[in-house]
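Here is how the chains run, residue by residue.
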Amino acid sequence: MPQGSSHRVVLIVDENSNPFEMSCAIEVFGLRRPELGRELYDFRLCAAGPETRMREGFFTLTGVAGLEAAEEADTLIVPNRPDTDTPRAPRMLDAVRRAHARGARLIGFCSGAFTIAEAGLLDGRRAACHWMWAQSFRARFPEVRLEPDVLFVDDGDILTASGSASALDLGLHVVRRDHGAEIANHVARRLVFAAHRDGGQRQFVERPVAAVPDESLGPVLAWAQERLDQPLTVADLAARARVSPATLHRRFRAQLGTTPLAWLTAERVTLARRLIERGEERLDVVAARSGLGTAANLRARLRRETGLSPSAYRRRFSGATGEALTA
């Protein structure tokens, strides 16, 4: 896990790169966060030349480090660009291969999956890319296990996001993985962005927005988040939204790409993680306050989500030195 700002994140900017994804990386990994009392990452931009023309020639990037900065990356964010049929420069691909060979984590936003695949690092592995390029990606890289409908894929040391906005989803997922749910939630609040959208959610709404009164799930989601310790059911959510359970289910599927019950469980696990990070040592208290019910269910859900036991999670993310959480 990164310790303070000692973990270096480097973003390679290539000719015709998308400025949006560059900005997402800067927002998540590069901003100073004095309110936390520490910096999360040491972030740098680099490029192969002194001037880099960004997408559509809107502006030219200058004054960033040379490509040699990639040699010092603990996490390397690879280039993305819309002209996916144009091969990447061999020098760029070599930098990506060297980073991976020495154990650096690789991240690809949007068409960044093409860069990692072109470097030969995705064969036999899972990846995400923008739905618009899924057919082209499959044709060029048939050995990659493409998941074309999801927001992002975490395949351990290689992570890929499907499109522009999902760069923020993946960035927050990385912060959560590195620093815990509480810190990730803080970063999301500063971004005024959803703290957690599961990577398996669909990339786009399956039906057009209809000219009807607002059907946003926002009010019922906010209502439920304030009552996670209560025995909420799908029927309760539907009643609050003043729709039938079937209608609520359809709206969750269309807008969030998940079911009401799965969303409730994910929110409860996130709350449990935050309670542990804040120092709560009693598993029964964490389980009750998060709505997970029992310590056994909490253990199972947390291990499924993070791969860690509650005690291991606490040692990693709360800064506490205690050996065990008590039931």
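Per chain, residues are indexed from 1 in the order of the written sequence. This being a predicted model, a pLDDT of at least 70 is required before a residue's local features are given, and a value of 80 or more before pairs of side-chain atoms are given or counted; all residues contribute to the totals for chains, interfaces and linings. Side-chain calculation: all heavy atoms of the structure are included, whereas hydrogens and water are not.

All right, on to the overall build of the chain then. In terms of helices and strands, the chain carries 13 helices and 11 strands. Going through the 327 residues of the chain one by one, you find that 50% of them count as buried. Throughout, a contact is declared for two residues whenever any of their heavy atoms are within 4.5 Å. Considering only intrachain contacts with a sequence separation of at least 6, the fraction spanning at least 24 residues in the chain is 62%. Accessible surface is estimated by sampling points in the Shrake-Rupley manner with a 1.4 Å probe; for residues, cover comes only from the protein chains shown. Carbon and sulfur atoms make up 51% of the accessible area of the chain, which amounts to about 15100 Å² in all. Helix numbers and strand numbers start at the N terminus; a helix is a DSSP run of H or I with at least 4 residues, a strand a run of E with at least 2. Exposure categories follow from relative accessible area, calculated using a 1.4 Å probe and restricted to protein chains: below 20% of the type maximum is buried, above 50% is exposed, and the middle band is partly exposed.

Each pair of aromatic rings taken from Phe, Tyr and Trp, with Trp reduced to its six-membered ring, is defined by centres within 6.5 Å and is described as stacked if the planes are under 30 degrees apart, edge-to-face if over 60, and tilted in the remaining cases. Across all of its chains, the model carries 7 aromatic pairs by this definition. A ring pair is formed by phenylalanine 114 and phenylalanine 141, whose centres lie 6.1 Å apart and whose planes are at 75°; its orientation type is edge-to-face. Note that phenylalanine 114 is positioned in helix 3 (residues 112-118) and phenylalanine 141 in the loop between helix 4 (134-140) and strand 9 (145-146), a separation of 27 residues in sequence. Phenylalanine 141 matches phenylalanine 114 in its accessibility class, with the two residues each being buried.

Moving on, we come to the side chain of asparagine 16. Positionally, asparagine 16 belongs in the loop between strand 1 (8-13) and helix 1 (19-30). Contacts described as polar in this section are N or O atom pairs within 3.5 Å, which, within protein, must combine one atom able to donate a hydrogen with one able to accept it, while residues neighboring in sequence count only if both atoms come from side chains. At 3.2 Å, the side chain of asparagine 16 forms a polar contact with the backbone nitrogen of glutamate 56. Not counting the four nearest positions on each side in its chain, asparagine 16 is found in contact with Arg53, Met54, Arg55, Glu56, Asn80, Arg81, Pro82 and Asp83.

A 1.4 Å probe that fits into a set of points on a 1 Å grid over the protein atoms alone but cannot get out defines a cavity; an open set with protein on both sides within 12 Å along at least five of seven lines defines a pocket, and lining residues are those with an atom within 4 Å of a point. Grid points are joined across faces, edges and corners, and a volume is the space filled by probe spheres set on the points. With the rule as written, the count across this model stands at 2 cavities of 30 Å³ or more. Size it by volume and the largest cavity reaches roughly 60 Å³. Lining the largest cavity are Leu11, Ile12, Val13, Ser17, Asn18, Glu21, Met22, Ile77, Val78, Pro79, Asn80 and Phe109. Mapped onto the lining of the largest cavity, the elements with two or more residues apiece are strand 1 and helix 1. For the lining of the largest cavity, a count of residues per class yields 8 nonpolar, 3 polar and 1 charged. Residue polarity is assigned by list, with Asp, Glu, Lys and Arg as charged and Ala, Val, Leu, Ile, Met, Phe, Trp, Tyr, Cys and Pro as nonpolar; anything else, Gly included, falls into the polar class.

By the burial criterion, the buried members of helix 13 (residues 310-317) are Pro310, Ser311, Tyr313, Arg314 and Phe317. Within helix 13, the buried residues cover an arc of 160° as seen down the axis, which keeps them to one side. Among the structural elements, helix 5 (166-179), helix 6 (181-191), helix 10 (260-277), helix 11 (283-290) and helix 12 (295-306) are those in contact with the buried residues of helix 13. Taking the helix axis as origin, the arc is that swept by the directions to the C-beta atoms.

Below, the discussion takes up the sheet that holds strand 11 (residues 158-161). Two strands qualify as a pair provided that DSSP identifies no fewer than 2 bridges between them. With mixed pairing, 7 strands are arranged side by side in an open sheet as 5-2-1-6-7-11-10. One side of each edge strand has no neighbouring strand; the edge strands of this open sheet are strand 5 (65-66) and strand 10 (152-154). Where strand 10 lies against strand 11, 3 bridges are found, and the strand directions are antiparallel. The residue bridging aspartate 154 from the neighbouring strand is leucine 159, located in strand 11.

Looking now at the environment of tyrosine 41. In this fold, tyrosine 41 is placed in the loop between helix 1 and strand 2 (42-47). Look at tyrosine 41 and you get buried, because its relative accessible area is 6%. Considering only alpha carbons, one finds tyrosine 41 and arginine 8, 33 residues apart in sequence, at a separation of 5.9 Å. Side chain to side chain, tyrosine 41 and aspartate 178 meet in a polar contact 2.7 Å long.

Another aspect to go through is the pattern of salt bridges. Whenever Lys or Arg places a side-chain nitrogen within 4 Å of a carboxyl oxygen from Asp or Glu, that contact is recorded as a salt bridge. Counted by the stated rule, this structure contains 22 salt bridges. One salt bridge connects arginine 81 with aspartate 14, and the closest N-O pair in it is separated by 2.6 Å. Here aspartate 14 lies in the loop between strand 1 and helix 1 and arginine 81 lies in the loop between strand 6 (75-77) and helix 2 (90-101), a separation of 67 residues in the sequence. Across the pair, exposure class does not vary: arginine 81 and aspartate 14 are buried alike. Across the pair arginine 282 and glutamate 280 runs a salt bridge whose closest N-O atoms are separated by 2.9 Å. When its relative accessible area of 15% is taken as the criterion, glutamate 280 is described as buried. Through salt bridges with shared partners, a single ionic network connects Arg125, Arg126, Glu147, Asp155 and Asp157.

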